[in-house]
Each structure stands twice: as C-alpha cells, then as structure tokens.
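# What the coordinates show
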Amino acid sequence: MTPPPPLTPVSPLLLLLLFVLVSSSSALLYDTFLQCLLNHTQVLQQQQEPSQILHAPTNSSFPTLLGRTSTELRIRSGGHDFEGTSYVSRAPFLILDMFNFWSVDVDVEQETAWVGSGATVGELYYRIWEKRGGGGYGNMLRKYGLASDNVVDTQIVDVEGRVLDRSSMGEDLFWAIRGGGGASFGVILGYRVKLVPVPNVVTVFRVAKTIQENATELVYQWQNVAPRTDNDLFMRLLLQPVSSKIQKGAKTVNASVLALFLGNADRLVSLVNEEFPELGLKKEDCAEMSWIESALWWGDFDSGVAVEALLDRMPKSVNFLKRKSDYVKMGEIPMSDAPFPHRAGNLFKIQYSISWSEDGIEAEQSNLAEIRELYNFMTPYVSKKPRRAFLNYRDLDIGITDNGENSYREGTVYGVKYFAENFKRLVKVKTAVDPQNFFKNEQSIPVLPSKVPNMSLQLN
Ligand SMILES: Cc1cc2nc3c(=O)[nH]c(=O)nc-3n(C[C@H](O)[C@H](O)[C@H](O)COP(=O)(O)OP(=O)(O)OC[C@H]3O[C@@H](n4cnc5c(N)ncnc54)[C@H](O)[C@@H]3O)c2cc1C
C-alpha cells in the first residue's frame, strides 16, 4: 500500500512558522466563500469573529503547541457543516483551516485512495475517474455502505502534537474517528479509502407525481420497496410543497423519486415495474451514463457540463438554511461496527430541509419555526427513545453543551441521538485521548467526569 503523503519532522525553530497565513489566490477565493458562509450562519447566535484563520501547511508536522493554546480551536475542512461548527463559535476562537490538505492520491493497484481532509467529494470523484476512467468510490450506500465503512487508514494529529496512523493510534481511536466526529479527538489530516467497482453504464431517473396524480400511493409503496429492493438500486424520495397546476393559488405536494441504478436501463425498468408498478417508470424516463456523469447529475449540474466542474469549490449559491434529521425503523452491518449506529432495524433516513434567501431576523424566525413545527408533527412516526439524528446533518436544536461542568450530562442528550449505545464507547475514547477536552465544540464528545464512577446512559 502506498504510504500517505509524508509529513516532515518538525524542528523547534519551525514551531513559530507552523501555522502560516497562506496568501495564494485560490486560498483567498476560498476565504471569500467562507466569509460568505459566516454571514449566512444564523443559528449560532452571539457568534464571535475568529481571531485568526490559520491555514495548516502540508510540509511540516503539527506542534505540541496545539494542546497548549488557551484559545478555542475550530477545525475547518470543507466548511459545509450545516450549523457552522467549523467556523463560528460563541467563545473567542481561531480557525485551523485544512484547505491545503486537498490532495487525492489514487493507488490503482491497491484499489485505495488517500484523501486529504481538505478535499471535496467532487475532487475525490474526479481523481478516481481520471486514474481509473470508470469505477470508484461512491455514495452507493445500499451496496457498499457509508464512506466511513470504507476507511482503511487515517492520519490524525493528537493533543500532544503527535501524528498517528491506524497502527500507532490503536483500534479504539480509529473506530471513533470513523464517524464519531473528528473534531472531538484531534486534527485529521486525511483518510485512506477502499475503492469499489461500478459498471461502465449506470442509469438514473427522476419521476415526479403530485397528490392529484396519486403521490400518496407512490410514497406508501416507496417505503416498502426502497429499503428492500436489489442493492444495485438506490431510490431517494423528495417531498416538496409546490403550486397546484389545477387550482390557481392553491398548494399541493410533489413527490419525486430520484434513483441511481448500477446497471442498464432495460434491467432497471423491468425490476422497477415488477416491484414498484405505482411509479409507472418508462424507459424514456431513464438516462444511461457513466458513473462520473451520474455524480454530476446528482450534483444538479447542467447537462453536458464538463467533468472538471466537479473540481469547482465554489457553491452555485448560498442561502440561509436549516436541516434536521430522523430515522424510520436497515441494514446488515452491526450497530457497533463504527460510531454510526443507525443500521439494522432502520428503514430509511429523513432529511427535513428549509432554505431561504431573505436577510433578517424575521425571515429567520419564521423559517426556523416552520421546520421545527414539521419536526414536532413527525414525532409519532419516527424513532423514539432516543429519537435518532444523523451527525452529518448537524442540528443544534437537539442539544448543545457549553463544555462546562455539566458537559457530560449535556453531551448525553445529543450524543445518544447521534450515536445511540456507541456514545458510551466514544466517551471512553475521548476521555483516554483528550482528557482536558481541548478539542471541542457545541456538540463534541464529552469527557467522562471522574465523579461518575459507573457511567450509565438514560435513553430518552
Ligand atoms: C450542500 C450540502 C450537501 C450535503 N450532502 C450530504 C450528503 O449527501 N450526505 C452526507 O452524508 N452529508 C451531506 N452533507 C453534510 C456534510 O457531509 C457534513 O456537513 C460534513 O461534515 C461536511 O464536511 P466538511 O469537511 O465540509 O465540514 P466542516 O464544516 O469543515 O467540518 C465539519 C465538522 O468536522 C470538524 N472538522 C473539520 N475538519 C476536521 C479535521 N480535519 N479534523 C478534525 N475535525 C474536523 C469541524 O470542526 C466540524 O465540527 C451536505 C452538506 C451540504 C452543505
């Protein structure tokens, strides 16, 4: 296996130079984008401006200084956290930006790729496509699991400033950072991921129906079919309020099924018509393409756009937004395999999503009230004790900590929602590797307080 990009040993003199403010034009462009994000993060009220943005250099190791600075550190890779925990804070803080760690190194022979923590998914897809011209690592979770299930090695800088890989960090910490939120344990420099095969031709479709076109039956059947059908088929359901075409001024609900199939259109149409006739799928609804083209399709790029569009780090638009998540009671992977616990017993995940473009507190409050009302309305229909949530869809509504003396109690509130029983093991790892709680944010893994001799969890 090709070793990860080397980090040269650090000399004492270099300590002062370790975090340099990069002034290349691409970094500046990126900062403009991130400043834009700062202006659009509404949920963390009373946020502070970062005292400094430090771009971590790739050509030296991280210092022991890391654990000694009293200023709170926010680590930022892509900056896509839905609540901005990588770039805003209530406490005075500085940002350690991993932008420079964006290299992707594909090892065709070993069928792995080293992915720097600053790389985007688009860059990863593009580099795999460039080297292999086809198959690759993807978001085909029904067949291959989550990205974190495919991580085989990693590099992390711990609170002592040591650069550790899988063998030197040990299996407990390796387990924790494959889904437990890196921000609680150290600075992750990159991951080595397993590549998976995909066919030369994949097929996508999007079929939409309104309530008047029997969307209700379609949604009902989707719940039965989507979690159980052939693992080559991933079908996502999107429910959106839209203006009625029949009654002027009225609203209706539009249900769209968007799908990726690892095979050709003929096989797909015959499978769907047998298992899911309510969808009424026809071959003309389907588009056959290469896997890399399907990544552009999912990313909502204009048709015919060059694959290089995946390398663009600037978003098409930035709105105000809020996301929340739920699980409906999947999978074949045991719950304890990685921190992500929502496996056997779950049918699907729900993402509640609201975006708006009007500036100001009034628009913010009314949009937040709307999504919270929907979330409350769904309570009887989703997972309970604990009601579960997906860490990647960060939602500060489900509990936060100020990392004070109650951090363990506060952390348990959101911790069991994100990690269920795996929360206990995450707390143990955290307590062992970062007992002073240097790596923290509003929803980090707390340290086990010494006054709690036997840790127990309240699952409610
Ligand atoms: C438009 C959009 C689409 C999305 N689609 C999906 C999707 O399809 N599937 C999905 O699963 N998720 C999706 N997400 C959520 C996204 O995967 C998560 O927000 C993810 O955490 C973003 O990673 P990032 O590096 O950009 O985040 P950042 O904001 O940089 O960081 C996220 C958290 O990790 C910490 N962190 C960042 N870098 C490091 C590091 N190097 N070491 C240690 N800690 C670190 C940060 O401090 C922060 O707490 C989407 C988000 C957006 C904005």
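Placed above this text is the structure.
Owing to the predicted nature of the structure, the values given are computational and were not obtained by experimental measurement. (Residues numbered from 1 in each chain as written. Predicted model: local features only at pLDDT ≥ 70, side-chain atom pairs only at ≥ 80, totals over all residues. Heavy atoms only, no water.)

## Description of the overall build of the protein
Heads up, the rule is: Under the scheme used here, helices are H or I runs from DSSP no shorter than 4 residues and strands are E runs no shorter than 2 residues, and both carry numbers assigned from the N terminus. Each residue gets one of three labels from its accessible area relative to the maximum for its type: buried under 20%, exposed over 50%, partly exposed in between, using a 1.4 Å probe on protein chains only. Here the open area of atoms and residues is found with the Shrake-Rupley method and a 1.4 Å probe, where only the protein chains shown may cover a residue.
On a plain count of helices and strands, the protein comes out with 11 helices and 14 strands. In the protein, which comprises 460 residues, the proportion classed as buried is 49%. If you sum the accessible surface of the protein, you get close to 22,400 Å²; carbon and sulfur atoms cover 52% of it.

## Let's talk about the sheet that holds strand 1 (residues 53-55)
Rules: When DSSP finds at least two bridges between two strands, those strands are taken to pair. Axis lines are fitted through C-alpha atoms, for helices just across the contact stretch, and the angle between N-to-C directions can take any value from 0 to 180 degrees.
The strand order 1-3-2 describes an open sheet built from three strands, whose pairing is parallel. Of all strands in the sheet, those with a lone pairing partner are strand 1 and strand 2 (72-76), marking the two edges. Neighbour to neighbour, the strand axes of the sheet diverge by 25° on average, direction disregarded. Pairing between strand 1 and strand 3 (residues 93-97): three bridges, direction parallel. Paired with Leu54 across the strands is Leu96, a residue of strand 3.

## Let's talk about the sheet that holds strand 6 (residues 151-157)
Here we have five strands laid out as an open sheet, ordered 4-5-8-6-7, and antiparallel in their pairing. The sheet terminates laterally at strand 4 (104-107) and strand 7 (163-165), the two strands that pair on one side only. Taken pair by pair, the neighbouring strands of this sheet meet at an average axis angle of 15°, ignoring direction. As paired elements, strand 5 (residues 112-116) and strand 8 (residues 187-194) share five bridges and run antiparallel to each other. If you follow Trp114 over to strand 8, its bridge partner there is Arg192.

## Here we look at the environment of Asn441
Operational definition: Counted as a polar contact is a pair of N or O atoms within 3.5 Å, where, for protein atoms, one must be capable of donating a hydrogen and the other of accepting one, and residues adjacent in sequence contribute only when both atoms are in side chains.
By the element assignment, Asn441 lies in the segment after helix 11 (422-433). Judged by relative accessible area, Asn441 falls into the buried class, the value being 4%. Linking Asn441 and Ile400, residues 41 residues apart in sequence, is a C-alpha distance of 8.8 Å. For Asn441, the side chain forms a polar contact with the main-chain nitrogen of Gln443, separated by 2.8 Å. A distance of 2.9 Å separates a polar side-chain atom of Asn441 from the backbone nitrogen of Ser444.

## Things to note about the packing of helix 10 (residues 407-419) against helix 11
When two helices pack together, their arrangement is captured by the angle between the axes and the distance separating the axes. For clarity, the threshold we go by: Orientation is classified from the angle alone, with under 35 degrees giving roughly parallel, over 145 giving roughly antiparallel, 65 to 115 giving roughly perpendicular, and any other angle giving oblique. It is the rotation of the near helix from the far one that decides the hand of a crossing: anticlockwise by less than a right angle makes it left-handed, clockwise makes it right-handed. We call two residues in contact when some of their heavy atoms are within 4.5 Å. When residues are grouped by polarity, Ala, Val, Leu, Ile, Met, Phe, Trp, Tyr, Cys and Pro land in nonpolar, Asp, Glu, Lys and Arg in charged, and all others, Gly among them, in polar.
The N-to-C vectors of helix 10 and helix 11 enclose an angle of 130°; their axes lie 8 Å apart at closest approach. Taken together, the axes of helix 10 and helix 11 are oblique relative to one another. For the pair helix 10 and helix 11, the crossing hand works out as right-handed. In this structure, helix 10 contributes Tyr408, Gly411, Thr412, Gly415, Val416 and Phe419 to the contact, and helix 11 contributes Asn422, Phe423, Leu426 and Val427. Here the residues of the contact of helix 10 with helix 11 are counted per class, giving six nonpolar, four polar and no charged.

## Quick notes on helix 8 (residues 291-298)
Along helix 8, the positions that sit buried rather than exposed are Trp291, Ile292, Ser294, Ala295 and Leu296. Trailing helix 8 by a residue or two, Asp300 shows a phi angle of about 60°, which is positive.

## Observations concerning a nonpolar patch on the surface
The line we're drawing: The patch calculation keeps residues exceeding 30% relative accessible area without a salt bridge and links them within 9 Å when they carry like charges or within 5 Å when they are nonpolar (Val, Leu, Ile, Met, Phe, Trp, Tyr). Definition used for salt bridges: Asp or Glu carboxyl oxygen within 4 Å of a side-chain nitrogen of Lys or Arg.
Among the surface-exposed residues, Ile211, Leu239 and Val253 lie close enough to one another that they form a single nonpolar patch of about 240 Å² accessible area. Relative to the elements of secondary structure, Val253 occurs in strand 11 (residues 251-261). Under the relative-accessibility criterion, Val253 is labelled partly exposed at 34%.

## Structural notes on the side chain of Asp326
Tracing the sequence through the fold places Asp326 in strand 13 (residues 320-328). Sequence-distant contacts of Asp326, defined by excluding residues within four places in its chain, comprise Phe348, Lys349, Ile350, Tyr352, Tyr375, Met378, Val382, Arg387 and Arg388.

## Details of the site of the ligand
For clarity, the threshold we go by: Consider each residue's heavy atoms; a residue with any of them within 4 Å of a molecule or strand counts as near.
Residues in contact with the ligand amount to 22 residues; listed here are only the nearest, Ile75, Ser77, Gly79, Ser86 and Ile188. A distance of 2.9 Å is found between an oxygen atom of the ligand and a side-chain nitrogen or oxygen belonging to Thr85. Contacts to the ligand include Ala183, whose backbone N or O atom sits 3.2 Å from a nitrogen atom. When isolated, the ligand has an accessible area of 960 Å², and the protein chains bury 67% of it. The set of elements that each furnish at least two residues to the shell around the ligand consists of strand 2 and strand 8. A breakdown of the residues in the shell around the ligand according to their chemical character gives eight nonpolar, 11 polar and three charged.

## Notes on helix 11
Our working definition: Working rule for helices: expected span equals 1.5 Å times residues minus one. Directions drawn from the helix axis to the C-beta atoms are what define this arc.
With 12 residues, helix 11 extends 17 Å between its outermost C-alpha atoms, agreeing within 8% with the 16 Å of an ideal straight helix rising 1.5 Å per residue. Turning to helix 11, its buried residues number three or more, namely Asn422, Phe423, Leu426, Val427, Val429 and Lys430. End-on, the buried residues of helix 11 take up no more than an arc of 165°, which puts them together on one face. Among the exposed residues of helix 11, those oriented more than 90 degrees off its buried face are Lys428 and Ala432. Those residues of helix 11 that are buried are in contact with helix 5 (171-176) and helix 10.

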